[in-house]
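Survey of secondary and tertiary structure
In case you want the letters, here they are:
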Amino acid sequence: MGIALDKLRSSGYLLEHNFTFLFGDTKNQPKLSTGEAVDLIVNKKVDVIIGPPNSPNTKPVAYLTSFYNVPHLSWVSTGSYLSDKTEFDTLIRVLGTYTKFADALIQLLWHFGWGRVALILRDSGTCSYAYLGIKDKFPKTNITISETITYQTNEINDEEWLIDRLKRVNKRARVFIVCGTNVQIRKLMLKAWDLGMSSPEYVYIGLGAHYERIGIRHWFVENDTRNDEAKDAFKSLLMGGVYSPFLHDTFYLYGRLLHETLLEKGNPNNGRAMFNRSKNYIFKD
């Protein structure tokens, strides 16, 4: 969101306005999402709610923002039940194309001068979504994909299979884009640690929807004897979310809507008016 705010200011928007960001950890639970939203709206008097980044948690929050008429934006909340705009008349949903996050990956790789990568991706869910973007965008750059390995859950749980695949990619690259659940990424990173593949010469870029959560120790498992090794292995892992670029777009959209509302001396806290303004809204980077 900070990058989006910088872009807004560099384009001349909201130069005389300051922002304070408040965060609530919903732990991916609708009940906690509801409680956090009540606290933010009733007690902390926020001007807008951004999130949560999935449909089941967004639904109860959207009922609250509609009741209080608070602007509400969410990214990646694609559930069809949220399409009822008589019920959810303050909810603005944002989801870009599958290539959007691939552009962000390319910028990251260019920034560090990493021109050769290998992919280790789960063959379903958000990882398939990620792979589509990578296949579409990477061939148009000078970034080489030296090896692509996709896996099913039963395969990554097979120690011999995992060792064989890690040894294979070790011959082809030192920068790896990996995607899976927290459990799968942790298993992969621990095996990389066992094979000496988590030293400073290696970099892992981890993608997964659960990486959006703030302040979570992704390496930690309660009562697990390998937490110390996992913590050390995760030092080579840059964690991000497949949908992080959409959060950027969501806040950028809010900034544009807010700017126009203020120019017209409208009420920036009127969620329904903000929702109506957003209809068929188009902007280019």
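For every chain, the first residue of its written sequence is number 1, and the numbers climb from 1 along that sequence. Predicted model: local features are reported for residues with pLDDT of at least 70 only, side-chain atom pairs are reported and counted for 80 or more only, and whole-chain, interface and lining totals are derived from all residues. Each side-chain value is derived from all of the structure's non-hydrogen atoms; neither hydrogens nor water enter the calculation.

1. Topic: the side chain of Q184
- Its place among the elements puts Q184 in helix α8 (residues 182–194).
- Only protein chains enter the accessibility calculation, which uses a 1.4 Å probe; a residue is then buried when its area is under 20% of its type maximum, exposed when over 50%, and partly exposed in between. The class of Q184 is buried, set by a relative accessible area of 6%.
- Residue contacts are defined here by distance: any two heavy atoms, one from each residue, within 4.5 Å place the two residues in contact. Dropping the residues within four chain positions of it, Q184 is found in contact with R122, Y151, T153 and I156. Secondary structure elements are defined from DSSP: runs of H or I of at least 4 residues count as helices, runs of E of at least 2 residues count as strands, and each element is numbered from the N terminus.

2. As for the nonpolar core
- Of all hydrophobic cores here, the largest spans 25 residues; its most connected members are F176, L188 and Y204.
- Looking at this core, the elements with two or more residues in it are β4 (116–122), β5 (144–151), α7 (159–170), β6 (175–179), α8 and α9 (227–233).
- If you tally residues by element for this core, the top one is α8, at five residues.
- Once residues within four sequence positions are removed from consideration, Y204 is found in contact with F176, V178, L188, M189, A192, M197, S236, L237 and L238. To form a nonpolar core, buried Ala, Val, Leu, Ile, Met, Phe, Trp, Tyr and Cys residues must be joined to one another through side-chain atoms within 4.5 Å.

3. Remarks on the state of the cysteines
- Only a pair of cysteine sulfur atoms within 2.5 Å qualifies as a disulfide here. What the rule picks out here adds up to one disulfide.
- Each disulfide pairs two cysteine sulfurs, and for C127 the partner residue is C179, the sulfurs being separated by 2.2 Å. Residues C127 and C179 are joined by a disulfide whose S-S torsion is about -85°; by sign, that bridge is left-handed. Taken together, the residues span a long stretch of sequence, with C127 in helix α5 (residues 125–137) and C179 in strand β6 at a distance of 52 residues.
- According to the relative accessible area criterion, C127 is buried, its value standing at 0%.
- Its relative accessible area of 0% is what places C179 among the buried residues.

Honestly, it's all geometry; don't read function into it.
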